[in-house]
Amino acid sequence: QVQLVESGGGLAQAGGSLRLSCTASGDTFSSYAMGWFRQAPGKEREFVAAIGGSGRNTRYADSVKGRFTLSRHNAKNTMYLQMNSLRPEDTGVYYCAANRVAPMTSPTVYDYWGQGTQVTVSS
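Residues numbered from 1 in each chain as written. Predicted model: local features only at pLDDT ≥ 70, side-chain atom pairs only at ≥ 80, totals over all residues. Heavy atoms only, no water.

Asks: How would you summarise the state of the cysteines if you had to cite specific residues and measurements?
Replies: Cysteine pairs can be covalently joined through their sulfur atoms, and such a bond is termed a disulfide. Using the criterion set out here, one finds one disulfide in the structure. What pairs with Cys-22 in a disulfide is Cys-96, and their sulfur atoms sit 2.1 Å apart. Here the S-S torsion is close to 55°, and the disulfide linking Cys-22 with Cys-96 is therefore right-handed. Of this pair, Cys-22 sits in strand β3 (residues 18-25) while Cys-96 sits in strand β9 (residues 92-99), placing them 74 residues apart in sequence. Neither Cys-22 nor Cys-96 differs from the other in exposure class; each is buried. (Disulfide = S-S within 2.5 Å. Helix = DSSP H or I, 4+ residues; strand = E, 2+ residues; numbered from the N terminus. Buried < 20%, exposed > 50% of the residue type's maximum accessible area, 1.4 Å probe, protein only.)

Put into structure tokens, the structure is as follows:
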């Protein structure tokens, strides 16, 4: 079992940057594929990016490709989401999640979730 804690959210202007972190505890971090999802008010939770256990394989939603970069530091039990060129539509609560299978885009395959961190992008 793994526990996840997100940090780094906040307020940014359009065109600005934020870096989110997700720190894990309780199990071997490298055994887990990790993902980021976000949820805007009144909308369903949507896939943002995912990364395999070794960090070699990454996947991105089309809406964030070229703007967001996902990485992980297994020795620090931490995953990072660097978000550049932010847009108002990036606003939402960002959740990190873990599964033992693969860096998938569907939230249903993730077993563990953090509590979320708010990202607000003003125009």
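Asks: Outline the side chain of Asn-99, supporting the account with residue identities and numerical values.
Replies: Structurally, Asn-99 is set in strand β9. The buried category is assigned to Asn-99, whose relative accessible area is 0%. A polar side-chain atom of Asn-99 sits 2.5 Å from the main-chain amide nitrogen of Val-101. Every residue in contact with Asn-99, bar those within four places of it in the chain, is listed here: Ser-31, Tyr-32, Ala-33, Val-109, Tyr-110 and Asp-111. (Polar contact = N/O pair within 3.5 Å; in protein donor to acceptor, adjacent residues only side chain to side chain. Contact = heavy atoms within 4.5 Å.)

Asks: Which residues make up the sheet that holds strand β8 (residues 78-83), and what values go with them?
Replies: Across the sheet, four strands lie side by side as β1-β3-β8-β7; this open sheet has antiparallel pairing. Every other strand in the sheet has two partners, leaving β1 (3-7) and β7 (68-73) as the edge strands with one partner each. Recorded for the sheet is a direction-independent mean angle of 15° between the axes of neighbouring strands. One ladder, built from six bridges, connects β7 with β8; its direction is antiparallel. Of the residues in β8, the one forming a bridge with Ser-71 is Tyr-80. (Pairing = 2+ DSSP bridges. Axes fitted to C-alpha atoms, helices over the stretch in contact; angles between N-to-C directions.)

Asks: Tell me what's going on with the side chain of Thr-117, and back it up with residues and numbers.
Replies: With respect to the helices and strands, the residue Thr-117 is situated in strand β11 (residues 117-122). A relative accessible area of 11% places Thr-117 in the buried class. At 3.3 Å, the side chain of Thr-117 forms a polar contact with the backbone nitrogen of Gly-9. Non-local contacts of Thr-117, meaning those with residues more than four positions away in its chain, are made with Glu-6, Ser-7, Gly-8, Gly-9, Leu-20, Gly-92, Val-93 and Tyr-94.

Asks: I'd love a proper account of the packing of aromatic side chains, names of residues and values included.
Replies: Under the criterion given, the structure shown has six aromatic pairs. Their ring planes at 75° and their centres at 6.1 Å tell us that Tyr-32 and Tyr-112 sit as a pair that is edge-to-face. Here Tyr-32, found in the loop between β3 and β4 (33-39), pairs with Tyr-112, found in strand β10 (residues 112-113); they are 80 residues apart in sequence, far enough to count as distant. Since its relative accessible area comes to 23%, Tyr-112 is described here as partly exposed. (Phe/Tyr/Trp six-rings, centres within 6.5 Å; stacked < 30°, edge-to-face > 60°.)

Asks: An account of unusual backbone geometry is needed here, citing residue identities and associated values.
Replies: Glycine aside, residues mostly have negative phi angles, and peptide bonds mostly take the trans form. Positive phi, close to 55°, is recorded for Asn-77, a residue that is not glycine. Looking at the element boundaries, Asn-77 is found in the loop between β7 and β8. Judged by relative accessible area, Asn-77 falls into the partly exposed class, the value being 27%. Positive phi is not limited to glycine here, since Ser-85 has a value of about 50°. The class for Ser-85 is partly exposed, based on a relative accessible area of 40%.

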